[in-house]
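Geometric and topological summary
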Amino acid sequence: MAKIKQNVGKAMPRVEDERLVKGVATYVDDMKLPGLLHAAVLRSPYAHAKIKGIDTAGAKALEGVVDVFVGADVNRHCGVVPCCVEMPDLVQPKHTVLAGKRAYFVGHPVAVVVAKDRYIARDALDLIEVDYDPKDVVVDAEAALEEGSPLTHPELKTNVAFTWTLENGDLKAAFDEADRVITQRMRHQRLTPSPIEPRGCVASFHAGEESMTLWTSTQIPHLIRTMLPDMIGVPENKLRIVAPEVGGGFGAKLNLYAEEALCCHLAKRMGAPIKWIEARRENAGTMTHGRDQVGDYEVAVKKDGTVLAIKAKTVADIGSYLQLNTPAIPTLTGSMLSGCYNLKAIRMDLKGVYTHKMSTDAYRGAGRPEATYTVERLMDIIAYELGLDPVDVRKRNFIKPDQFPFNTACGLTYDSGNYAGALKKAQRLAKWPQLLKQRDESRKKGALFGIGLSTYVEICALGPSSMMSAGGWEWGCVRMEISGKVTVLTGVTPHGQGQETSFSQLVSDKFGIPMKDITVHSGDTATAHYGRDTYGSRATALGGTAILMSIDKIIAKATTLAAHLMKVSRKKVVYEPGRFHAPGTDKSISWNELAMEAYVAKNIPRNFEPGLEASSFFEPENCTYPFGTHIVAVEVDRATGEVKIVKYVAVDDCGPLINPLLVEGQVQGGIAHSLGQALFEKTVYDEYGQLLTGEFMDYAIARAKDIPEYTLGHTVTPSPSNPMGIKGCGEAGTIGATPAVANAVIDALSPLGVTHVDLPLTPETVWNAIQQHTAQPAVA
Amino acid sequence: MKTLVSITVNGTVHREEVEPRTLLVHFLREHCHLTGTHVGCETSICGACTVLLNGEAVKSCATLAVQADGAQIETVEGLADGDKLHPVQEGFWKCHGLQCGYCTPGMIMSSVQLLKRCPNPTREQIAEGIEGNLCRCTGYSHIIDSVEYAAKKMGS
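This one's a predicted model, so the numbers in the text were calculated from it and none came from an experiment. (Residues numbered from 1 in each chain as written. Chains lettered and ligands numbered in written order. Predicted model: local features only at pLDDT ≥ 70, side-chain atom pairs only at ≥ 80, totals over all residues.)

Looking only at helices and strands, one finds five helices and five strands in chain B. Sequence-ordered secondary structure for chain B, helices as α and strands as β, is β-β-α-β-β-β-α-α-α-α. The C-alpha radius of gyration of chain B comes to 15 Å, within 12% of the 15 Å expected for a compact globule of 156 residues. C-alpha atoms of chain B, sized along the principal axes, occupy 50 × 30 × 25 Å. Excluding contacts between residues fewer than 6 apart, the proportion of contacts in chain B whose partners are at least 24 apart in sequence is 59%. (Helix = DSSP H or I, 4+ residues; strand = E, 2+ residues; numbered from the N terminus. Rg over C-alpha atoms; globule rule 2.2 N^0.38 Å. Contact = placed C-beta atoms within 7 Å.)

It is worth spelling out the overall build of chain A at this point. When helices and strands are counted, chain A shows 20 helices and 28 strands. Against the compact-globule benchmark of 28 Å for 780 residues, chain A has a radius of gyration of 28 Å, which places it among compact chains. Across its three principal axes, chain A shows a C-alpha extent of roughly 90 × 75 × 50 Å. Looking at chain A as a whole, 58% of its 780 residues are labelled buried. Sequence-distant contacts in chain A: of pairs separated by 6 or more residues, those separated by 24 or more amount to 80%. (Buried ≥ 20, exposed ≤ 12 C-beta atoms within 10 Å, placed from the backbone.)

Time to look at the domain arrangement of chain A. Residue and element names in this part refer to chain A. Taken domain by domain, chain A comprises domain 1 (31-135 + 196-248 + 253-286), domain 2 (366-461 + 623-770) and domain 3 (473-618). Domain 1 and domain 2 are separated by 39 Å when their C-alpha centres are compared. Taken together, the contact between domain 1 and domain 2 spans eight residues of the former and nine residues of the latter. Of the residues contributing to the side of domain 1 that touches domain 2, the split by class is four nonpolar, two polar and two charged. (Domains from an automatic or database assignment. Nonpolar A, V, L, I, M, F, W, Y, C, P; charged D, E, K, R; others polar.)

Here we come to the sheet that holds strand 14 (residues 307-319) of chain A. Residues and elements named next belong to chain A. One open sheet accounts for five strands, arranged 7-15-14-13-8; its pairing is mixed. The outermost strands of the open sheet, each flanked by one partner alone, are strand 7 (160-168) and strand 8 (180-191). On average, each strand axis in the sheet is inclined to that of its neighbour by 10 degrees, with strand direction left out of account. Inspection of the sheet shows strand 7 paired to strand 15 (residues 345-354) by eight bridges, in the antiparallel sense. Note on strand 15: the bridge partner recorded for E167 is R347. The strands that helix 10 (residues 328-335) touches are strand 7, strand 13 (290-301), strand 14 and strand 15; relative to strand 15, the one it contacts most, it runs at about 165 degrees. (Pairing = 2+ DSSP bridges. Axes fitted to C-alpha atoms, helices over the stretch in contact; angles between N-to-C directions.)

Residue and element names in this part refer to chain A. A39, V113 and V745 are the most contacted members of the largest nonpolar core, which totals 294 residues. With 13 residues, the top contributor of residues to this core is helix 16 (residues 539-566). Filtering out sequence-adjacent residues up to four positions away, V745 remains in contact with G450, V634, V636, V643, L761 and V766. (Core = buried A, V, L, I, M, F, W, Y, C linked by C-beta atoms within 7 Å.)

Okay, the environment of A:S504 next. Residues and elements named next belong to chain A. Its location among the elements puts S504 in helix 15 (residues 499-511). For S504 and L337, which are 167 residues apart along the polypeptide, the C-alpha to C-alpha distance reads 37 Å. Contact partners of S504, with chain neighbours within four places excluded, come to V15, M515, I518 and V520.

Below, the discussion takes up the packing of helix 7 (residues 221-232) of chain A against helix 8 (residues 258-270) of chain A. All names here are of chain A. Taken N-terminus to C-terminus, the directions of helix 7 and helix 8 make an angle of 55 degrees; their axes are 10 Å apart at the nearest point. One way to sum up the angle between helix 7 and helix 8 is to call them oblique. Crossing handedness for the pair helix 7 and helix 8: right-handed. On helix 8, the residues touching I224, L228, M231 and I232 of helix 7 are E260, A261, C264 and H265. Of the residues in the contact of helix 7 with helix 8, the class split is six nonpolar, one polar and one charged. (Parallel < 35°, antiparallel > 145°, perpendicular 65-115°, else oblique. Left-handed = near helix turned anticlockwise from the far one by under 90°.)

Let's shift gears to the domain arrangement of chain B. Residues and elements named next belong to chain B. What the domain assignment lists for chain B is domain 1 (3-77) and domain 2 (87-155). The straight-line distance from the C-alpha centre of domain 1 to that of domain 2 is 21 Å. Every element with two or more residues in the side of domain 1 that touches domain 2 is listed here: strand 3 (50-53) and strand 4 (56-59). Of all the elements, strand 3 adds the most residues to the side of domain 1 that touches domain 2, at three residues. Looking at side-chain class alone, the side of domain 1 that touches domain 2 contains seven nonpolar, six polar and one charged residues.

Before going further, it helps to spend a moment on the packing of helix 3 (residues 71-78) of chain A against helix 8 of chain A. Residues and elements named next belong to chain A. Between helix 3 and helix 8, whose axes approach to 10 Å, the crossing angle comes to 95 degrees. By the angle between their directions, the pair helix 3 and helix 8 is classed as roughly perpendicular. Contact with helix 3, carried on its side by V74, H77 and C78, involves A261, L262 and H265 of helix 8 and no other residues of that element.

Next up on the list: unusual backbone geometry. All names here are of chain A. Following F404, the chain continues into P405 via a peptide bond in cis, with omega recorded as -5 degrees. With respect to the helices and strands, P405 occurs in the loop between helix 12 (390-397) and strand 16 (406-407). The omega angle of the peptide bond from L462 to G463 is -20 degrees, so this bond is cis rather than trans. Here G463 lies in the loop between strand 18 (448-457) and strand 19 (474-480). Within the chain, A366 stands out as a residue other than glycine whose phi angle is a positive 45 degrees.

What follows is about the interface of chain A and chain B. Contacts between chain A and chain B engage 41 residues on the former and 43 residues on the latter. Those elements giving two or more residues to the side of chain A that touches chain B turn out to be helix 1 (17-22) and helix 18 (660-680) of chain A. Considering each element in turn, the side of chain A that touches chain B owes the most residues, seven residues, to helix 18 of chain A. Classifying every residue of the side of chain A that touches chain B by side-chain character gives 21 nonpolar, nine polar and 11 charged.

The next point concerns helix 7 of chain A. All names here are of chain A. Taking 1.5 Å per residue, 12 residues should reach 16 Å; helix 7 reaches 15 Å between its end C-alpha atoms and fits that length. Taking burial as the measure, the 12 residues of helix 7 include nine buried ones, the bulk of the element. Every buried residue belonging to helix 7 is among P221, H222, L223, I224, R225, M227, L228, M231 and I232, and all of these are buried. Looking at the buried positions of helix 7, the neighbouring elements they touch are helix 3, strand 10 (211-216), strand 11 (239-242) and helix 8. (Expected span 1.5 Å × (residues − 1).)

What follows concerns the sheet that holds strand 23 (residues 579-581) of chain A. Residues and elements named next belong to chain A. One open sheet accounts for three strands, arranged 22-23-24; its pairing is antiparallel. Since the sheet does not close on itself, it has two edges, and those belong to strand 22 (574-576) and strand 24 (588-590), each with one partner. For this sheet the average axis-to-axis angle between neighbouring strands, irrespective of direction, equals 20 degrees. By the bridge criterion, three bridges tie strand 22 to strand 23 in an arrangement that is antiparallel. Of the residues in strand 23, the one forming a bridge with Y575 is F580.

Once that is clear, we can look at the environment of A:I381. Residues and elements named next belong to chain A. Structurally, the position occupied by I381 is in helix 11 (residues 368-386). Take I381: there are 23 C-beta atoms within 10 Å of it, and that puts it in the buried class. For the pair formed by I381 and T755, sequence separation is 374 residues and the distance between their alpha carbons is 6.9 Å. Those residues in contact with I381, other than ones at most four positions away along the chain, are I182, Q184, T755 and H756.

Listed below in structure tokens is the structure:
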């Protein structure tokens, strides 16, 4: 018997990479179908305007244009763009696929051209004459709450989309008990998710079968299949959604967009496949944005640093429409606002406010980065105000390892954790005493040197179905083929995370067969036919478990067949990865032999169902709560305000690791998003609602030279929420890193008396903060 | 009005009538059916469309096909020698230098040029060398590892 090679736990290169490094993978724009037509969308140049008329004659007359449609032509056939969040007082506008009588944000789709090639389709956009009557614009959510503000949607008679209050514990008692109440206002700037592949889709209708296939660059083909029937009038069981290779999502492709429904409608209406691929400027302006909250925070503290309670008054600028999860995102902020601390009480009053901007929705972290940033900035502010060590303040308030499962002040039940353990390890990796010494010495020389930390906890593996609007389970199916090769179907939809590899590792170990004999299919509802897809760092914990459950079913079934073939009783059969055997005899049987017998089915037990295939739905009892500590040291250039990261240490606890190389990639990638948020990125609209950050020239995502050298480590605290104990790692970096960087920069500026600066900490922002706190102008 | 161009792509001559405004990236993707070269921004910033034109890395979304008339183009599809990957491709694979893979072909082509110019780059030089290529997934550290791996392999 050959020794079984263990794959789980090993850093392995990915099985999906060969096609990607060779350039032979298929993204949606690589799709070619006979008779394919190209769609281009005309978008409003105004943030708010009445559409008095649209003249499409010039565009229709252009050679190569097949047709042009406006809202009046298509909206009644397309249903409305869905929002799956229910809230008691939610007020929502009708979100048609093309604008009706008004446009409500720059980029609002107004008309669509269908042409024989993509160049002609774009040419034709310039030939459409739209008679706009510009109206008053509101682009600031707090201004939108003021009496007399322009209304985003005049027919709603209010800019307030919803209100939401979370209160737990005895807030009054906590504030009465406090020695100090510390207040701080913080802005969580709007961000543009910016996957390098923009959105795009190809829709094809089969008139004979009355079936629709939609290839689309999405994270959620299965959820789209659930929601799209209501929009396009094709039933779910005639609808196939395919997420081919997807070039990054980051939460912004966790949506059903107007253009996807529109292309399906056009394919059916015109009897030809339709391709729509957006430009970068469209992506920046019309794919959902992230964050955009402003909060006034009050913390009740005792003078020893004990934090008793947090009160938050938050305004979330949600843009002009509700996309799939828009209202839910800022409520996640509230749910995680107590961080990894044992508070007595919490209250968050949230208002979701319409403005004439693109909708916000999930973006890597989805509401949790705002919570972690808030609470971790507050910890530093408390330490500064009370003259305490920021590390001690955190330790004093940590939930202790023996308190799990822990019911938080926000009403969640944290699964497991050892926050002090991760902090201790990060301090060790950062050589904490030397780092403090380095700060002292640098400061003596007049340098602005700062150390920041963030001890974060987040919520992942979403989630129990009770928490989700359309099921929080995950599905998987495993088939041992007649050849002994294994086909795995998963309901999660990886788009860079690498589950073709990590799932192959799991399956290989469990079956005792080589990884090369395993194929993992995902993202196509015709093959991987059921699932709830990829978001909220759920894929490995939930999708992986559904696969293991299916393998267990196959092993149980194969045990019966093995007993029959070995002519021993079932109780005598022992399975070890790779074979079944009967101890005490020389009888043994391999998967290859069993698979052949199971399908040929000439020598099987009575009432034995042929084949070796099983599928499973895994319903978790709880979410998971990954955590960790990030430590950052920075030097700020006094003359330019430029921030240089001189040390970066991260210790993350995402439970056991299937493939440490992939986890490292997720953590590093997540941190890069955070560095952007902390230092460069901000989506900017001017007072007229014009998007000023519509290209990579204006919106600064991190480049290679912005990245510091990392020291990364892990602690491993299994989650009781799934059998593998996995917590998830896709968003950890983005949640943990931002406050650590911010805290380091503020710490660097603290000798000048700076206590808070809103993100992003661009050289200009930092330079201004330095100027405001320096009596003498800085030496240039 | 169409113009005849003759462009050698990965060693194969493509003679095609194209509109003068046809971008090189669309010539490669639509006429040559080589879809490994991607479009990310259409403004020459993200670098997903990077190819080698007479050995120099160019952004093919900001180059016209007519500008490449008579030129030798190398795309990601032309790098491997049959089943044997180019050391840069191998580096990206071994070091997990890619996640979604969309920026990867451009990133690889830029790295190929970088290593031609600077066979033993430092990590800083690699970061400088791929400044014209954006990646939103990896956070670049593994990409830098990948190029270091390739440099080592090509040097040995």
